[in-house]
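Chain residues, written in single-letter form:
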Amino acid sequence: MPARKSVSGRKPSARLLLAAEVARLREESGKSLGQLADETTYDRTYLHKLETGVRIGSPEVIAALDRVYATGERLSMLWELARDDVFPDKYKRFMELEATATVRYEYAVSTVPGLLQTKEYAREVFWVGRPRSEDELEEQVAARVGRQELLTRDDPPHYRAVLDEAVLRRPTRDSRVWKQQLDHLLETAEWPNVTLQVLPFAAGLHDLLGGSLTVLWLPDGSSVGYVESSKTGELVENAAEVEQLKLSYDLLRDLALSPRETVAFIRQVMEDSAQCDPLAQT
């Protein structure tokens, strides 16, 4: 059977394909939303939002639907494609490039980089942005955490992250979440493809103050940069501008602590946090 053409002439999004498939499977099964809610333990209103494309859901609810419909991992694979729809269009070009990058350098000025965030830390980051609903919050978290497979795939890029000291001096509201995040940084610092460095306040002024930076080295030998603030981001592809960003990064890296010193610094932050945490002293 030939593929159905879109009425608008545009390719349907993965989000709508996922919604249509979820709706089709329930219709063919003859189940009501109430029955499906009982079998998956998810609210019927939430399940209806999946079928209409209002939400794409979390990996957990999609896995539950795969089990109920005995579809293997088909819905989960569709969800992975639909996940990218959570990100703004202006960011998707960057995501296409990062998927092929062989080397990735980052400077984080205020929060732990997304690729190094725990699920709980990511939830706090998105929560302070006041998402419209709990469903939206969970989708944002799932989309961010899902991107971390870049660092654990079979052929991961070499990843270097320079963390401004401010990143480590701004804990989460929940001290347990903060400890888990610091533990995770120490764990990832041991991965063979990951290098972590802390830029201490004592380093003083530098050229990248005020924003975070990511530089990607691509397989064809070219590089791109992505400059980001809390609300905006800009992809930089002009070769001369990217070279300037790379120089700024190199100069900043020279001011940072060594990887060994960085591990010791993070451990000291953990000790300081524990001493200030009343729950840890009871």
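For the structure itself, consult the block above.
Throughout what follows, the structure given in this document is the object of discussion. Keep in mind the model is a prediction, meaning the values are calculated, not measured.

## Some thoughts on unusual backbone geometry
Then step 1. The backbone of Thr41 sits at a positive phi, close to 70°, despite the residue not being glycine.
Then step 2. In this fold, Thr41 is placed in the loop between helix 2 (33–40) and helix 3 (44–52).
Then step 3. In this model, Ala70 sits at a positive phi of 55°, which is unusual for a non-glycine residue.
Then step 4. Note that Ala70 resides in the loop between helix 4 (59–69) and helix 5 (74–83).
Then step 5. For Ala70, a relative accessible area of 67% corresponds to the exposed category.

## Concerning the pattern of salt bridges
Then step 1. Applying the stated criterion across every chain yields a total of 20 salt bridges.
Then step 2. The salt bridge partner of Glu28 is Arg24, with a shortest N-O separation of 2.7 Å. Of the two residues, Glu28 and Arg24 both sit in helix 1 (residues 14–29), four residues apart, roughly one turn of that helix.
Then step 3. Among the ionic pairs, Lys31 bridges to Glu39, the shortest N-O distance being 2.9 Å.

## Description of the nonpolar core
Then step 1. In this structure, Leu116, Tyr159, Leu168, Leu182 and Leu185 are the most contacted members of the largest nonpolar core, which totals 25 residues.
Then step 2. Those elements giving two or more residues to this core turn out to be strand 2 (158–164), helix 9 (165–168), helix 10 (175–188), strand 3 (194–199) and helix 12 (259–276).
Then step 3. Here the element with the most residues in this core is helix 10; it accounts for five residues.
Then step 4. In this structure, Leu168 is in contact with Trp178, Leu182, Leu185, Val198, Phe265, Ile266 and Val269, ignoring residues within four places of it in sequence.
Then step 5. Formed by 20 residues, the second largest nonpolar core is a distinct cluster that contains Val22, Leu50, Ile62 and Ala82.

## Some details on helix 7 (residues 119–127)
Then step 1. Burial in helix 7 covers these residues: Tyr121, Ala122, Glu124 and Phe126.
Then step 2. Taken together, the buried residues of helix 7 touch helix 8 (134–146) and helix 10.

## Overview of the packing of aromatic side chains
Then step 1. Scanning the entire structure with this criterion turns up five aromatic pairs.
Then step 2. Look at Phe94 and Tyr226: their rings are 4.8 Å apart centre to centre, the planes differ by 35°, and that puts the pair in the tilted class. Placement of Phe94 in helix 6 (residues 89–98) and of Tyr226 in strand 5 (residues 223–228) is noted, with a sequence separation of 132 residues between them. There is no split in this pair, since Phe94 and Tyr226 are both buried.
Then step 3. The interplanar angle of 65° and the centroid separation of 4.8 Å between the aromatic rings of Tyr105 and Trp217 together place this pair among those described as edge-to-face. Linking Tyr105 in strand 1 (residues 103–108) with Trp217 in strand 4 (residues 212–217), this pair joins segments that are 112 residues apart in sequence.
Then step 4. For Tyr105, a relative accessible area of 13% translates into the label buried.
Then step 5. Three or more aromatic residues link up through ring pairs in this structure, and these residues are Tyr105, Trp217 and Tyr249.
Then step 6. Cation over ring: Arg160 sits above Tyr105, and NZ or CZ is 5.5 Å from the ring centre.

## Quick notes on the pairing of strand 4
Then step 1. Strand 4 sits mainly inside the fold: five of its six residues count as buried.
Then step 2. Bridge count for strand 1 against strand 4 is five bridges, and the pairing is antiparallel. Note on strand 4: the bridge partner recorded for Tyr107 is Leu213.
Then step 3. Looking at chain direction, strand 4 and strand 5 are connected through six bridges and run antiparallel. Each residue of the ladder has a partner; that of Trp217, found in strand 5, is Ser223.
Then step 4. What sits between strand 4 and strand 5 in their antiparallel hairpin is a turn of five residues, with Gly221 showing a positive phi close to 95°.

## Here we look at the sheet that holds strand 5
Then step 1. One open sheet holds the six strands; their spatial order is 3-2-1-4-5-6, and the pairing between them is mixed. The two strands at the open ends of the sheet, each matched to only one other strand, are strand 3 and strand 6 (233–236). Averaged over neighbouring strand pairs, the angle between their axes works out to 10° when direction is ignored.
Then step 2. The pairing of strand 5 with strand 6 spans four bridges and is classified as antiparallel. When the bridges of strand 6 are listed, Glu228 appears paired with Gly233.
Then step 3. Contacts between helix 11 (residues 239–255) and the sheet are confined to strand 1, strand 2, strand 3, strand 4, strand 5 and strand 6, with strand 5 contributing the most and set at about 70° to the helix.

## Let's talk about the packing of helix 2 against helix 4
Then step 1. For the pair helix 2 and helix 4, the least separation of the axes is 10 Å and the interaxial angle reads 105°. Taken together, the axes of helix 2 and helix 4 lie roughly perpendicular to each other. Here helix 2 contributes Leu36, Glu39 and Thr40 to the contact with helix 4, which in turn contributes Ala64, Leu65, Val68 and Tyr69.
Then step 2. Its residues placed into classes, the contact of helix 2 with helix 4 shows five nonpolar, one polar and one charged.

Here is what the cut-offs are and how they apply
Residues numbered from 1 in each chain as written. Predicted model: local features only at pLDDT ≥ 70, side-chain atom pairs only at ≥ 80, totals over all residues. Heavy atoms only, no water. Helix = DSSP H or I, 4+ residues; strand = E, 2+ residues; numbered from the N terminus. Buried < 20%, exposed > 50% of the residue type's maximum accessible area, 1.4 Å probe, protein only. Salt bridge = Lys/Arg side-chain N within 4 Å of Asp/Glu carboxyl O. Core = buried A, V, L, I, M, F, W, Y, C linked by side-chain atoms within 4.5 Å. Contact = heavy atoms within 4.5 Å. Phe/Tyr/Trp six-rings, centres within 6.5 Å; stacked < 30°, edge-to-face > 60°. Lys NZ or Arg CZ within 6 Å of the ring centre and 35° of its normal. Pairing = 2+ DSSP bridges. Axes fitted to C-alpha atoms, helices over the stretch in contact; angles between N-to-C directions. Parallel < 35°, antiparallel > 145°, perpendicular 65-115°, else oblique. Nonpolar A, V, L, I, M, F, W, Y, C, P; charged D, E, K, R; others polar.

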